[in-house]
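Overview (structure and organization)
Chain by chain, the residues run as shown.
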Amino acid sequence: MDLLQMTLVFSCLLIPVIGLDEEPEFVYPDRFNDPERDAFLYGTFPEGFIWSSATSSYQIEGAWNEDGKGESIWDRFSQEGGNVENNDTGDVACDSYHKYKEDVALMKAMGLKYYRFSISWPRVLPDGTLNNVNEAGIAYYNNLIDELRLNDITPMVTLYHWDLPQALQDVGGWANETIIDHYNDYAELCYQRFGSRVPFWITFNEPWIVTLLGHGVGYFAPGISEDGTTIYVVAHNIIKSHARAWHTYNDTYRQLQNGQVGITMNSDHVEPYDSTNQDHIDAADRCLQFHFGWWANPIFKNGDYPEVMKTSIASKSAAQGFTKSRLPEFTEEEKEYNRGTADFFGLNQYTTLYANNTPDDESNPPGYLKDRNVLTFVDEDWETAGSSWLKIVPWGIRNILKWIDSQYHVPIYVTENGVSTHDVYELDDVIRQKYYRAYINEVLKAIKLDGVDVRGYTAWSLLDNFEWASGYSERFGMHYVDFNDPERPRTAKESVNVYSKIIADNGFIKEVSTTPATQYTTASAPSINILSHITCICFCILSNVWTQ
Ligand code: GBH
């Protein structure tokens, strides 16, 4: 045998080990109809891969005015009425302020080794500033962290998951640059009080949502609709706040506490509708630059906004009669200061869109969508979850992980991924069981087949909880919570078992005799493995014949 033949025989032997499985476990109908894309990959995640689950303070804690907690913008926004479905509020939510020990027990039972939660800024600093440190609030998080560690669960802590102290909103909130100092004081207080036990800090959860939904369309607190103008100022102050808090950690706490500080961004994956059409390719890329690059370019790349944002917003601003670009500029020192200020990239990923370009629109009033100039839409064949925006597209997470890796080359943690059901009592949550297996499988493909450095996966969410403007009408939890019962009892759904098994196996181990319990459609496509085997074997035989 020559070298070529040896390589061929070897690769034939190798394929069953790392190859795609014969039967796709999931087939996601769409116009591509691509069984190879949807094929299931058996295998395990790298050693030390982090398995986690997430919640956030306003969505689960309740106790909105207990023990000295200050008012947050979400308290104000939901209590005001008319902003949230059924006028639901987070006043009690899952009551985790009182039930955290029970929550930790649920995590323990699932085999979770990490837990991502957020600190409520107004619970520790009622008016947002160091003028008044609420020791009862500090004690709550100390107790939670201690309980986690007692159960061998490592905390991953988000500093800002949208519940700004109302007192800071009253002086302009994120639109006022004095917030940068206040945010830094708050972050530093958290490093001081909790940092010896927290190895992962996330400065912001989804700044895009804070900016666009909070200040562009006003659909989320604080309910401001100043699209195209204030949104860019808010984003500017968030980036500066993030960079400042990272430097504070880096300069003063890193050596002592040895943790990591990153930021979490959300994005739908954006796929060019026609991947052979350059306009569609450019539109998809522009969309991601406006969504991710807005934050990630300054933080992970060169300290500044993406070129495509700078040029588009400047030219549209001029046409609209503004004397300067609506996108603020960073000075050279600021760029230097922004650059490299994250130890990891946090990704929240749920769904996918197609992109096409639209005609340029330079009319007034200004707006983010006009600046971005991309038409996005979904495939009607994609299955919809309990939230109208959430189309189930597992391959999207693999493609966006590849995109992030190609742009920023950083370690990535999936800090949220999950699916909703409608507000019904359902413990056999088939849609969620399939979603987790399918999406996590695509993460495995990103690692094994594409070489992306993904270090952790976080399931949203541990519990059904307050789903922002949708209130309690959408359920994302692996545990059912009865919001009509004052005790807020939690009951495990079947997805708990599915996720626990993935955690226990550190991936997907093929059990030969059992047929998969969960299937969208039975694939009629021929098996990839069998095909590749036959091809390989024929090829080897032929090349043997030729060389004799
Ligand atoms: C994450 O946001 C959040 O971090 C988390 O708190 C939240 O519970 C979870 O996802 C599930 O939504 O109603 O059509 O106007 C993900 C971003 C924010 C995307 C809300 C959908 C509503 C769109 N999501 N958004 S719509």
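Look above for the structure.
Residues numbered from 1 in each chain as written. Predicted model: local features only at pLDDT ≥ 70, side-chain atom pairs only at ≥ 80, totals over all residues. Heavy atoms only, no water.

The subject of this paragraph is the overall build of the protein chain. For the protein chain, the helix and strand inventory stands at 19 helices and 17 strands. For the protein chain, contacts bridging at least 24 residues in sequence account for 77% of all contacts bridging at least 6. For the protein chain, the exposed surface amounts to about 21,400 Å²; the carbon and sulfur share of it is 53%. (Helix = DSSP H or I, 4+ residues; strand = E, 2+ residues; numbered from the N terminus. Contact = heavy atoms within 4.5 Å. Areas by Shrake-Rupley, 256 points an atom, 1.4 Å probe, with all protein chains shown as cover.)

Strand order around the closed barrel formed by eight strands is S2-S3-S4-S5-S6-S8-S11-S13, with parallel pairing between neighbours. For this sheet the average axis-to-axis angle between neighbouring strands, irrespective of direction, equals 25°. Summarising the sheet, strand S5 (residues 200-205) and strand S6 (residues 260-266) pair through four bridges and their orientation is parallel. Its bridge partner being in S6, phenylalanine 200 is matched across the sheet by glutamine 260. Most of the contacts of helix H12 (residues 278-301) go to S6, to which it runs at about 160°, and overall it touches S6 and strand S8 (345-348). (Pairing = 2+ DSSP bridges. Axes fitted to C-alpha atoms, helices over the stretch in contact; angles between N-to-C directions.)

The full count for this structure, using the stated rule, is 29 salt bridges. Close ionic contact of arginine 475 with aspartate 464 constitutes a salt bridge, the shortest N to O distance being 2.6 Å. Here arginine 475 is found in strand S14 (residues 474-475), whereas its partner aspartate 464 is found in the loop between strand S13 (454-460) and S14, with eleven residues between them in sequence. Of the two residues, arginine 475 and aspartate 464, both sit in the buried class. One network of salt bridges, with partners in common, ties together Asp304, Glu307, Lys310, Glu332 and Lys335. (Salt bridge = Lys/Arg side-chain N within 4 Å of Asp/Glu carboxyl O. Buried < 20%, exposed > 50% of the residue type's maximum accessible area, 1.4 Å probe, protein only.)

Outside of glycine, negative phi angles account for most residues, and trans bonds account for most peptide bonds. Put simply, alanine 221 and proline 222 share a cis peptide bond, and its omega is 5°. Within the element layout of this structure, proline 222 appears in the loop between helix H10 (207-215) and helix H11 (230-257). Looking along the chain, the bond that leaves asparagine 364 and enters proline 365 is cis, with omega of -5°. Checked against the element boundaries, proline 365 lands in the loop between strand S9 (352-357) and helix H15 (368-372).

Further remarks concern the packing of helix H16 (residues 394-408) against helix H17 (residues 430-448). At their nearest, the axes of H16 and H17 sit 8 Å apart, and the two run at 30° to each other. When the axis of H16 is compared with that of H17, the two are roughly parallel. The two elements H16 and H17 meet at a crossing, and its hand is right-handed. Only Ala438, Tyr439, Glu442, Val443, Lys445 and Ala446 of H17 make contact with H16, whose side of the interface consists of Pro394, Trp395, Ile397, Arg398 and Leu401. Class assignment of the residues belonging to the contact of H16 with H17 gives a composition of eight nonpolar, no polar and three charged. (Parallel < 35°, antiparallel > 145°, perpendicular 65-115°, else oblique. Left-handed = near helix turned anticlockwise from the far one by under 90°. Nonpolar A, V, L, I, M, F, W, Y, C, P; charged D, E, K, R; others polar.)

If you look at the biggest cluster of nonpolar residues, it comprises 148 residues, and the most contacted ones within it are Trp74, Trp174, Trp201, Trp294 and Phe345. Examining the composition of this core, we find that eleven residues originate from one element, H12, more than from any other. If sequence neighbours within four positions are ignored, phenylalanine 345 has contacts with Ile263, Met265, Phe292, Ala296, Phe300, Ile404, Tyr408, Val410, Pro411, Ile412 and Tyr413. Listed in part, the seven residues of the second largest apolar core include Ile50, Tyr114, Met156 and Tyr413. (Core = buried A, V, L, I, M, F, W, Y, C linked by side-chain atoms within 4.5 Å.)

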